Amino acid sequence: TINLSKLAIAFDSKAKTSSNYRRIQRFISDSKLIDFNRVAGFVVTLFGFLDTDYYLTFDRTNWQWGKKNINILMLAIAYKGIAIPVYWVLLNKKGNSSTRERIALTNRFITQFGKKRIIKFLADREFVGEKWFNWLTSESIDFAIRIKKNNLASNSRGELVPVNSLFRHLKTGEHMILKGARQVYKTPVFLTALRLQDGELLIVATGISCPDAIESYGKRWQIETLFSCLKGRGFHFEDTHVTNRRRIKSLLVVLVIAFCWAHRVGEWQHENVCAIKVKKHQRLEKSIFRLGLDTISECLFKLIQKRKIQLNVLFLHLKIQHKKSLE
């Protein structure tokens, strides 16, 4: 839970609940107590990303509490069907992030971990723009980013046309890779498109020619799964009454560590104790994260139950002793 009142009750402390509550408040209000680079280092090391190549992905999650807009830009690493959060920033606005904010967050990652392990940068349609594309290109970071169907792109004659017109002939389920680089946002990119089941075009721009651009872009969805674990399917983060941006940033540290702990425990359980059943549609009966979270919860609840039994035994012993003394 991220409910501070419930957390204060759960503290294993001799202090009053009100004191525990203020202690939690002081922790999340003082971001100087937290070294976010060390948190990122812990996460990257925990999942072995220092020794393997990976896909980086960007996305936002946002909600409203009262009149306050909570808007989080998250940078994460795609990993086995889910994204692992590394850095995040609270945006002081309701809408999309700016190029400056994206570059700043990406530079924090590069400064800490370098960029030689980055396979591609994955992002949805809101993460586009001339400055952003040019910056990724200048940094030699490849990308697979979805673009809007009305974006302008150069055709084979060099004329700028709506990009969907280049793929208008595609039928449902068909995909196509255009030959040669095309100008999008004044940046040379390679374009691949797939006609989805609903008839919409999925158009992906990459920095280099990429035969599996659509498949690579598909890994972007893993960050949506992460957000659902932090929110409705896990910790219900959107239920917090905390609205101060600095405090939410600190509170996220606790959630991120808890999420990573749960996922690693789930992996260990799945691989070494009891594998999760696979349903007919080839999906797991429950997620790795949920298995880990349930395992940790079960351990904690059993510990609490054991203490209750010990207390009841002690109480019964005292009661018997008291009865004997009266006799």
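No experiment lies behind these values; they were computed from the predicted model shown.

1. As for helix 5 (residues 130–138)
Within helix 5, the full set of buried residues consists of Trp132, Phe133, Trp135 and Leu136. Taken down its axis, helix 5 places every buried residue within 160° of arc, on the same side. Those residues of helix 5 that are exposed and aimed more than 90 degrees away from the buried face are Lys131 and Ser138. Just beyond helix 5, the residue with positive phi is Ser140, at close to 55°.

2. Concerning the environment of Leu56
Along the chain, Leu56 turns up in strand 1 (residues 54–65). Classification of Leu56 by relative accessible area gives buried; the value is 0%. Distance in space between the C-alpha atoms of Leu56 and Ala83 is 8.8 Å, their sequence separation being 27 residues. Once you skip the residues sitting within four places of it in the chain, Leu56 turns out to touch Leu75, Ala76, Ile77, Phe109, Ile118, Lys120, Phe121 and Leu122.

3. What about a positive patch on the surface?
A contiguous patch of positive charge on the surface is contributed by Lys16, Arg22, Arg23 and Arg26. Residue classification places Arg22 among the partly exposed residues on the basis of a relative accessible area of 43%.

4. Re a nonpolar patch on the surface
The grouping of Phe27, Leu33 and Val254 at the surface amounts to a nonpolar patch, some 260 Å² of accessible area in total. Relative to the helices and strands, Val254 is located in helix 8 (residues 245–273).

The rules behind each value
- Residues numbered from 1 in each chain as written.
- Predicted model: local features only at pLDDT ≥ 70, side-chain atom pairs only at ≥ 80, totals over all residues.
- Heavy atoms only, no water.
- Buried < 20%, exposed > 50% of the residue type's maximum accessible area, 1.4 Å probe, protein only.
- Helix = DSSP H or I, 4+ residues; strand = E, 2+ residues; numbered from the N terminus.
- Arc of directions from axis to C-beta.
- Contact = heavy atoms within 4.5 Å.
- Patch = residues over 30% accessible without salt bridge, like charges linked within 9 Å, V, L, I, M, F, W, Y side chains within 5 Å.
- Areas by Shrake-Rupley, 256 points an atom, 1.4 Å probe, with all protein chains shown as cover.
- Salt bridge = Lys/Arg side-chain N within 4 Å of Asp/Glu carboxyl O.
- Lys, Arg positive; Asp, Glu negative; His and termini not counted.
- Charge placed at Lys NZ, Arg CZ, Asp CG, Glu CD.

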